[in-house]
Structures are given as structure tokens and as C-alpha cells.
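# A look at the structure
Chain by chain, the residues run as shown.
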Amino acid sequence: MTRSGRRRVPVLLALAMLASAAGSAPALPARPAGFDTPHWAQEPSAATLARFGERSSPRAEQLYFALPDRFANGDPGNDRGGATGDRMRTGFDPTDKGFYHGGDLRGVIDRLDYIQDLGTTAIWLAPIFRNRPVQGTGASASAGYHGYWITDFTQVDPHFGTQEDLAELVRLAHGRHMKVFLDIIVNHTADVISNGDQGYRDKTDFPYRDANGQPFDDSNYADGTRGFPAVNTRSFPYPPAFPTPADAQAKKPAWLNDPTMYHNRGDSTFAGESSEYGDFFGLDDLWTERPDVVRGLTRIYQDWVGRAGIDGYRIDTVKHVDLPFWPQFVGGVQQRAGRDFFMFGEVFSADPEVDATYVRRAAVPRRRTAARTAGPRA
Ligand SMILES: [Ca+2]
Ligand SMILES: [Ca+2]
Ligand SMILES: [Ca+2]
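The structure displayed is predicted, hence computed values, not measured ones. (Residues numbered from 1 in each chain as written. Chains lettered and ligands numbered in written order. Predicted model: local features only at pLDDT ≥ 70, side-chain atom pairs only at ≥ 80, totals over all residues.)

Looking now at the overall build of the chain. Check the secondary structure of the chain and you find 11 helices and 12 strands. Looking at the chain residue by residue over its 378 residues, the buried ones come to 42%. (Helix = DSSP H or I, 4+ residues; strand = E, 2+ residues; numbered from the N terminus. Buried ≥ 20, exposed ≤ 12 C-beta atoms within 10 Å, placed from the backbone.)

Turning our attention to the packing of helix H8 (residues 291–308) against helix H9 (residues 325–337). A packed helix pair is summarised by two numbers, namely the angle formed by the two axes and the spacing between the axes. Interhelical geometry of H8 versus H9 gives an angle of 30 degrees and a closest axis separation of 9 Å. As far as their axial angle goes, H9 and H8 are roughly parallel. Classified by chirality, the crossing of H9 by H8 is right-handed. Residues Val-294, Leu-297, Thr-298, Tyr-301, Gln-302 and Val-305 of H8 pack against Phe-325, Gln-328, Phe-329, Gly-332, Val-333, Arg-336 and Ala-337 of H9. A class-by-class count of the residues in the contact of H8 with H9 yields 8 nonpolar, 4 polar and 1 charged. (Axes fitted to C-alpha atoms, helices over the stretch in contact; angles between N-to-C directions. Parallel < 35°, antiparallel > 145°, perpendicular 65-115°, else oblique. Left-handed = near helix turned anticlockwise from the far one by under 90°. Contact = placed C-beta atoms within 7 Å. Nonpolar A, V, L, I, M, F, W, Y, C, P; charged D, E, K, R; others polar.)

Counted residue by residue, strand S8 (residues 179–184) has 5 buried out of 6 residues, so it is predominantly covered. Direction of pairing for strand S3 (residues 122–125) relative to S8: parallel, over a ladder of 4 bridges. From the neighbouring strand, Ala-122 faces S8, where its bridge partner is Lys-179. In the sheet, S8 pairs with strand S11 (residues 312–315) via 4 bridges, with the strands oriented parallel. Bridge pairing in S11 places Asp-183 opposite Arg-314. (Pairing = 2+ DSSP bridges.)

Here we come to the environment of Arg-176. Residue position: Arg-176 is located in the loop between helix H6 (163–175) and S8. Using a count of 12 C-beta atoms within 10 Å as the deciding quantity, one classes Arg-176 as exposed. Ignoring any residue separated from it by four or fewer positions in sequence, one finds Arg-176 in contact with Leu-112 and Gln-116.

The subject of this paragraph is the environment of Tyr-238. Here Tyr-238 shows up in the loop between strand S10 (215–216) and helix H7 (274–277). With 32 residues separating them along the chain, Tyr-238 and Phe-206 place their C-alpha atoms 9.3 Å apart. Apart from residues no more than four positions distant in its own chain, Tyr-238 is found in contact with Asn-195, Gly-196, Asp-197, Arg-201, Asn-264, Arg-265 and Gly-266.

On to the pairing of strand S12 (residues 342–346), then. Of all 5 residues making up S12, 5 are buried, and the element is well covered by its neighbours. Where S11 meets S12, 4 bridges bridge the pair, whose relative direction is parallel. Across the sheet, Tyr-313 pairs through a bridge with Met-343, a residue of S12. In this region the chain leaves S11, passes through H9 and returns to the parallel neighbour S12; the handedness of that crossover is right-handed. (Right-handed = clockwise from strand over helix to strand, strands pointing away.)

Its location among the elements puts Asp-303 in helix H8. It is 8.5 Å that separates the C-alpha atoms of Asp-303 and Thr-154, two residues lying 149 residues apart in sequence.

Residues apart from glycine generally show negative phi values, whereas peptide bonds are mostly found in trans. Residues Lys-252 and Pro-253 are joined by a peptide bond in cis, for which omega reads -5 degrees. Within the fold, Pro-253 resides in the loop between S10 and H7. Of note, His-177 is a non-glycine position whose phi angle comes to about 60 degrees, a positive value. For His-177, the position within the fold is in the loop between H6 and S8. The phi torsion at Thr-317 lies on the positive side, around 45 degrees, for a residue other than glycine.

Once that is clear, we can look at the confidence of the model for the chain. For the chain, the average pLDDT comes to 85, and 83% of its residues sit at 70 or higher. Contacts for the low-pLDDT stretch residues 33–38, under 50 throughout, to residues beyond four places or in other chains number 8 contacts. Predicted confidence is poor over residues 366–378, with pLDDT under 50, and the contacts of this stretch with residues over four places away or in other chains come to 24 contacts. (pLDDT = per-residue confidence, 0-100.)

As a further point, take H8. The terminal C-alpha atoms of H8 lie 26 Å apart, and with 18 residues this matches the ideal 26 Å at 1.5 Å per residue to within 8%. All of the buried residues in H8 are Val-293, Val-294, Leu-297, Thr-298, Ile-300, Tyr-301 and Trp-304. The arc that holds the buried residues of H8, viewed along the axis, is 155 degrees, so those residues lie on one side. Lining the buried residues of H8 we find strand S7 (150–156), S8, S11 and H9. (Expected span 1.5 Å × (residues − 1). Arc of directions from axis to C-beta.)

See below:
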């Protein structure tokens, strides 16, 4: 996800790297079963990490990133996503780069020859889950054509087609020995909740409060081993609210409509604590330290493994989620999908030490087959 919902070229970190010792880092939840043992005796230098990242493998994938809305329009019948009315309702306006242009999964299916001829071995689909069609008003209005403003995590967005279209795409790609990865988001949902944001409010000056009004530090519970305090809408620095009654039912699964499942601290300044706790330009930032949120998100993406037959996930905005979330999430998805289910993620940074943290300490898996040829084993 990028600012204002418009994509810049992301710095992508393939998390399919090897793990190292956590060193003196704070305790994290247990790594999923089978996670690799350390390969470095001590913390590797930035130069060592960078050299490792440059290695290539004959078994590496060549990914093609497809933004379905902008790739090809295979079915003009779904251009308005089943809605009627003007572009503020349908999101469709091919004359405006901030709105839907009509591309869909059928368009990707129809052009698999083209994609494969580029040398592609794996297709990375931008998020295909149902989005809020339009956010903002007036000149700042823009549509969810990019897919990063999800309201319903259980459905394919009707602008892009159906779950059957997705399954067909996966089946046909597999028939050509190409894999399909879905782009997923756990950091935030669409911007539905409003909280009177007047700037980020930090945990020191505005601690969370339990249902009895006692302050507590949520990070003490993030590894999932302790019961999370009872909270209510008065627990937050900004009391969350729904602008309309319809907004209170806008999301699926239903637990996402509980406003206490979000951080509610105002917009991120993209620095310090707010990088993990702040809203990404108003996008409702999930309380990923909370066990109910960890379980709910894990369940969502466990379910998609079975529904679509996909090969893995590309994970958005990894850097904006607390580290203890990841081993729990990864372990849960792999429990459903198997240990070879591949995941990689976006960490918007050019610093290899920052990037590597998410591989080495967050326990996002590598693929064993690739590591046999690419790993820095002595
Ligand atoms: Ca279409
Ligand atoms: Ca976050
Ligand atoms: Ca919001």
C-alpha cells in the first residue's frame, strides 16, 4: 500500500531468505514447527546480508505483478461491480486514473500466453478482495481499483469477477506450470471508522485503558500467551465512531465491525511508534497485538488457501505490523496450507538490516528447495 492509494514502485523484500539467531532481541512467540536453525554464529553485518540478497537461484521464481483493473478487460459486464449510478457509486470511470478502468480476472485468463511468454513462472495478483468502491469526496475522491481498501475479506470484488474466475485462473496457470500468489493485507481495512483524528496520539501520553479505566501496555500481550484485558470504546485515545449506520455493518467477517479491534490513535506520521500504531491516511489500522485480531486474520487467510488453490501470499505493509504478530500468523497459515506455502512481503526500506529483521525475527518462511541452492551454508 502506498500513500493516497496510488502505487509507487515498492521496495520489495523477498522474505524467502534464511533465518539467523534472534540474538539479544526481545522474546518473540515460538517459531512455527520446522523453522530453520540459525546459519550465522552471530548477528550478520549489513554487508553480509546484502550479499546474500544478491545471490540468485536457478530455482527462483520470475514474478509478474498484475494489477487486474489495469491489465485487460475480459468482461465489460462487471465494469461497474454490479452497482448502478454514477462513478461515486460504481467506482468506474476509465477517463480518470483514480477510478476503475474495467480490467478483471477474465482479462488475465485470456492473456496467459502473453504473461508466460515474458518468462513468468509466478503471477502475483494485486488484492482481489472486495473493496469500498470509492473513498473521499470532491477532488480527493478515488476508487479502490488497486484493491488495497478491503471491506469484505471473504469475497472477490465483483469488479474483478468471481471466486470461480479466480479458481479457473489458478487451474489454468498451474496447467502451464505457473504459480499464483495473492496479495494480502493484515495491517488495515478500508477507511470506515472515523475517530476525530487530530494527529497521532502516542502510548505514553494516551495509554490504552481496560474496561475498568486502568492503563495497560498492549505490547505485553502481543505474543498471545496472556489473556488480553477487556476493553471498550472508551479504551482509546480517540473514541471510534461510524459516520453512518450502514458503516457499522460494512465489513466482513463480522468481527471487523467491532471498532475496538483497531488501534484508534490517529494517522501515522510514518516515524517511531506511529509506524505500527497509526492509521495509513485514515485506513482503519487493526489492533494486531490483540489475540482476537491475530486469530481472525489468520482464519481469513487460512480459508483462502482452500478456496482458491493458490501457491502463496505476498503480504502488504509488513513493516507496519508488530513483529510478534508474524510467527503466530505464519504458523496458522502453514498449519492449513503446509510448510511449503510460500510467503513474501513488502518492507518499504532500502536498509538490509531493517529488511532482514522481518525475515530473521518475524519467522516468515523461506522455501526449502530454493534455500538449498541459494543459502549461505558454509
Ligand atoms: Ca471488466
Ligand atoms: Ca499497523
Ligand atoms: Ca479511519
